[in-house]
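Structure at a glance
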Amino acid sequence: NAGVTQTPKFRVLKTGQSMTLLCAQDMNHEYMYWYRQDPGMGLRLIHYSVGEGTTAKGEVPDGYNVSRLKKQNFLLGLESAAPSQTSVYFCASSYAGQGGANVLTFGAGSRLTVL
Amino acid sequence: AQSVSQHNHHVILSEAASLELGCNYSYGGTVNLFWYVQYPGQHLQLLLKYFSGDPLVKGIKGFEAEFIKSKFSFNLRKPSVQWSDTAEYFCAVNPYSSNTGKLIFGQGTTLQVKP
């Protein structure tokens, strides 16, 4: 049981390049999330999904797009990378708990550097 | 805006010292509360959670937290820390009404335990 798997684990981009981070979960979870982690700022929600084919904006969605074409996958795209997007990105998933009472399972993270 | 505040950004303790990490949130309704831990180089793992019932909750590795509704607080405690507790600790809140499971994280507290 792999849990939540993120690829790639590391990536270096030049300003203006595009890339996609892939998150895959094998727990049949309904909900999936993308967070970014920056020093002194904790984790901030970028986008999330409450089911296949649905996505919604989080706290810091600008510069990112997402897609959830299959229940087990949640893709995070950067169309034109900027140095401000240098960060560690975490994907998470959870069951649809009543009233938000659900525990998130996190992936190992993807470290992205934009030069 | 809803927010989570962790008062201690960097804590240094000697082994066997007692630990208390503060967490306050700004949300007036019913909330679900979490503490996550991130060991060096690893992903976030759940330490403990509070959904309802006894406001004193116990988690893994001897950690506990107390929910004080009147103070909007959910402080994390451990009577005697070990070197292996060196990690970053995150408090997180999910407003019951959101029903999406998304978490609002605090800034994180880095705990360094000296052997």
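Heads up: the structure comes first, above all this text.
The shown structure was predicted, so the numbers you read here are calculated from the model rather than taken from an experiment.

1. Considering the packing of aromatic side chains
Tallying each qualifying case throughout the model produces 14 aromatic pairs over all chains. Consider the rings of phenylalanine 106 of chain A and tyrosine 36 of chain B, whose centres lie 5.4 Å apart with planes at 80°: the pair is edge-to-face. Within this pair, whereas phenylalanine 106 of chain A is found in strand S10 (residues 105-106), its partner tyrosine 36 of chain B is found in strand S5 (residues 31-38), the two belonging to separate chains. Classification of tyrosine 36 of chain B by relative accessible area gives buried; the value is 0%. Measuring from centroid to centroid gives 5.6 Å for phenylalanine 63 of chain B and tyrosine 89 of chain B, while their planes differ by 45°, and the two rings are tilted. Taken together, the residues span a long stretch of sequence, with phenylalanine 63 of chain B in the loop between strand S7 (56-58) and strand S8 (64-68) and tyrosine 89 of chain B in strand S10 (residues 87-95) at a distance of 26 residues. Here phenylalanine 63 of chain B and tyrosine 89 of chain B have matching classes, each one buried. Through a chain of ring-to-ring contacts, the aromatic side chains of Tyr33, Tyr35, Tyr48 and Phe106 of chain A together with Phe34, Tyr36, Phe51, Phe90 and Phe105 of chain B assemble into a single cluster.

2. Observations concerning the nonpolar core
If you look at the biggest cluster of nonpolar residues, it comprises 30 residues, and the most contacted ones within it are Trp35, Leu48, Phe74, Leu76 and Tyr89 of chain B. Listed by contribution, the elements that provide at least two residues to this core are strand S2 (10-14), strand S3 (19-21), S5, strand S6 (45-50), S8, strand S9 (73-78), S10 and strand S12 (109-114) of chain B. In this view, leucine 48 of chain B contacts Leu33, Phe34, Trp35, Val57, Lys58, Gly59, Phe63, Glu64, Ala65, Phe74 and Leu76 of chain B; residues no more than four positions away in its chain are not counted. Counting residues in hydrophobic clusters, the runner-up holds 19 residues, among them Val4, Cys23, Tyr64 and Phe74 of chain A.

Rules used throughout
- Residues numbered from 1 in each chain as written.
- Chains lettered and ligands numbered in written order.
- Predicted model: local features only at pLDDT ≥ 70, side-chain atom pairs only at ≥ 80, totals over all residues.
- Heavy atoms only, no water.
- Phe/Tyr/Trp six-rings, centres within 6.5 Å; stacked < 30°, edge-to-face > 60°.
- Helix = DSSP H or I, 4+ residues; strand = E, 2+ residues; numbered from the N terminus.
- Buried < 20%, exposed > 50% of the residue type's maximum accessible area, 1.4 Å probe, protein only.
- Core = buried A, V, L, I, M, F, W, Y, C linked by side-chain atoms within 4.5 Å.
- Contact = heavy atoms within 4.5 Å.

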